[in-house]
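Overview (structure and organization)
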Amino acid sequence: MSPERFAVKLKKLRESRSLTQGALAKRAGISREYVARLEMGRHDPHLSRLRKLAKALGVKVSALVD
């Protein structure tokens, strides 16, 4: 999956749960700046970060990458 496509999916999932970037970052144990860069398509996250984001959003990793 391209970083741009992942960015759209991540933002959509975050917003559907009424989370700010900061709230998602706190739940996932990562920085808000990193979440912002992900949502801008500037990074392709490692599996460990995908797992943290998925857990914070209450979804399976596959929901982020399919």
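Basis of the calculations
Residues numbered from 1 in each chain as written. Predicted model: local features only at pLDDT ≥ 70, side-chain atom pairs only at ≥ 80, totals over all residues. Heavy atoms only, no water. Core = buried A, V, L, I, M, F, W, Y, C linked by side-chain atoms within 4.5 Å. Buried < 20%, exposed > 50% of the residue type's maximum accessible area, 1.4 Å probe, protein only. Helix = DSSP H or I, 4+ residues; strand = E, 2+ residues; numbered from the N terminus. Contact = heavy atoms within 4.5 Å. Polar contact = N/O pair within 3.5 Å; in protein donor to acceptor, adjacent residues only side chain to side chain.

In terms of nonpolar packing, the biggest core is built from 18 residues, with Phe 6, Leu 10, Leu 24, Ile 30, Leu 53, Leu 57 and Leu 64 touching the most fellow members. Contributing elements (two or more residues each) for this core: α1 (3-16), α2 (21-28), α3 (32-39) and α4 (47-57). Counting residues per element, this core draws most heavily on α4, at 5 residues. Once residues lying within four places of it in the same chain are set aside, the contact partners of Leu 10 are Leu 24, Leu 38, Glu 39, Leu 53, Leu 57 and Leu 64.

For Gln 21, the location among the structural elements is in helix α2. The class for Gln 21 is buried, based on a relative accessible area of 19%. Within the structure, the side chain of Gln 21 is placed 3.0 Å from the side chain of Arg 32, a separation counted as a polar contact. If sequence neighbours within four positions are ignored, Gln 21 has contacts with Arg 14, Arg 32, Val 35, Ala 36 and Glu 39.

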